[in-house]
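# Summary of the model geometry
Given next are the chains, with one letter for each unit.
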Amino acid sequence: MAIYFTVKINNEENQFLLKKTLNIGRGSDNDIVISSSKISKQHAQIIYDLTGKIYLRDLFSKNGTSLNNVLITMEQIYLGDIITIGDAVIKIANEELTPVEKKRIGFRLKTQAQKKEVTLKIDFKKTKKTKITKMTKATKIKKV
């Protein structure tokens, strides 16, 4: 199974093959070298485990590592996820994956909160005022 990651920095795209790990950082000993003051020498790591799952781990970097615009310490990566490290945008190059590989990696399931936005609207002019009269096991509320 050959999985490639696309790294886009300032409109320049490069692809990197994921073996067991991909080290990301400013230091020249990394697999993906990003020359920027926003990047730590050893910034993050992409890990491919024996079960076929892919993880993103922040290596205690100063500015953090974002997965889908959320700062993470370690999180599983799915198809369609976007990794942001400084000015670099990294994602799985899923055009080159077979259907079996896509199924193994999977897609991120959206939670109910992400699927549906709810707006709560309260009209304070129409609501009735309440006053708590006595605190007991069953608190009594008296309408004013």
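Note that the coordinates shown come from a computational prediction; the quantities given were computed from them, not determined experimentally.

About the cut-offs
- Residue positions are counted from 1 within each chain, in the order its sequence is given.
- Reporting of local features is limited, given that this is a predicted model, to residues whose pLDDT is at least 70; pairs of side-chain atoms are given and counted only at 80 or more, and all residues count toward the totals for whole chains, interfaces and linings.
- Working from all heavy atoms in the structure, the side-chain values ignore hydrogens and water.
- Think of a nonpolar core as a cluster: buried Ala, Val, Leu, Ile, Met, Phe, Trp, Tyr and Cys residues, connected wherever their side-chain atoms sit within 4.5 Å.
- Residue exposure (1.4 Å probe, protein chains only): buried if accessible area is under 20% of the type maximum, exposed if over 50%, otherwise partly exposed.
- Secondary structure follows DSSP: runs of H or I at least 4 residues long count as helices, runs of E at least 2 residues long count as strands, and numbering of each begins at the N terminus.
- Contact definition: two residues touch when any of their heavy atoms are within 4.5 Å.
- Pairing of N or O atoms within 3.5 Å defines a polar contact, subject to two protein rules: one partner must be a possible hydrogen donor and the other a possible acceptor, and residues neighboring in sequence count only if both atoms are side-chain atoms.

### Examining the nonpolar core
Ile3, Phe5, Ile46, Ile54, Ile83 and Ile92 are the most contacted members of the largest nonpolar core, which totals 25 residues. Elements represented by at least two residues in this core include exactly β1 (3-9), β3 (21-25), β5 (44-48), β6 (54-58), β10 (83-85) and β11 (88-92). Excluding residues that lie within four positions of it along the chain, Ile92 makes contacts with Ile3, Tyr4, Phe5, Ile54, Ile77, Tyr78, Leu79, Leu97 and Ile105.

### Looking at the environment of Glu95
Assignment of secondary structure puts Glu95 in the loop between β11 and α1 (99-105). According to the relative accessible area criterion, Glu95 is exposed, its value standing at 60%. On a C-alpha basis, the gap between Glu95 and Tyr4 in space is 9.7 Å, while along the polypeptide they are 91 residues apart.

### Overview of the side chain of Asn30
For Asn30, the location among the structural elements is in the loop between β3 and β4 (32-33). By relative accessible area, Asn30 is classed as buried at 7%. From its side chain, Asn30 meets the backbone oxygen of Gly27 in a polar contact 2.9 Å long. In this structure the side chain of Asn30 is engaged in a polar contact, spanning 2.8 Å, whose partner is the backbone oxygen of Lys41. With sequence-adjacent residues up to four places away left out, Asn30 is seen in contact with Asn23, Ile24, Gly25, Lys41 and Gln42.

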